[in-house]
Amino acid sequence: DVTAARTALDRFPGTLMEGAVADMLNSGAFAANLKRVRKLYREARDALAETLEARSDGVLSVPVPSQGLHLVARFDPSVDLSVAAEAKLAAGAEGWLLADTYSRTRPLPGFVLGFSGHAVPKLVASAERLARESRAALRVKGRSARRA
């Protein structure tokens, strides 16, 4: 259990750190910082989601999460998983393929994308690239499927 692990690692919490955290909480600095970063992250989340939806011409669905530091951009479930992998590679996008993040009989095609710690203009540029490459990969895969 956690208590046993904590006892094995260090029997006593660091009083210097404990005091610094207490001071930060009591002074209101933590609450002020939390309010500031929530606003920054909300702006980053909204810019990323709006850009992906608008620039993908409906290819990607991006439900906006109410919390967290990541969002999911999904293709239609009928889309082949390789489309997301090809788009991610071509766009040079960071993040994960949605299919790699969970287990299910038919994984969903899409992306898990983080938005914290990035400037909004950089997020918008990356989202535009990923949306463009998602459309392109879907067109290529669609042509390949029709030929088969």
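Residues numbered from 1 in each chain as written. Predicted model: local features only at pLDDT ≥ 70, side-chain atom pairs only at ≥ 80, totals over all residues. Heavy atoms only, no water.

**Q** Tell me about the pairing of strand β3 (residues 110-114), and please be specific about residues and values.
**A** Among the five residues in β3, four count as buried, and that is most of the element. Pairing geometry for strand β1 (residues 70-74) and β3, over five bridges, is antiparallel. Bridge pairing in β3 links Ala-73 to Phe-111. Where strand β2 (residues 96-97) meets β3, two bridges bridge the pair, whose relative direction is antiparallel. Looking across to β3, one finds that Trp-96 is bridged to Val-112. (Buried < 20%, exposed > 50% of the residue type's maximum accessible area, 1.4 Å probe, protein only. Helix = DSSP H or I, 4+ residues; strand = E, 2+ residues; numbered from the N terminus. Pairing = 2+ DSSP bridges.)

**Q** Break down the environment of Glu-50 for me, with residues and values.
**A** Mapped onto the elements, Glu-50 comes out in helix α3 (residues 29-55). A residue is classified by how much of its surface remains accessible, and Glu-50, at 54% relative accessible area, is exposed. With twelve residues separating them along the chain, Glu-50 and Val-62 place their C-alpha atoms 8.1 Å apart.

**Q** So what's going on with the side chain of Arg-45? Residues and values would help.
**A** Within the secondary structure, Arg-45 sits in helix α3. Arg-45 has contacts with Val-64, Pro-65, Ser-66, Leu-71 and Phe-115, leaving out every residue within four places of it along the chain. (Contact = heavy atoms within 4.5 Å.)

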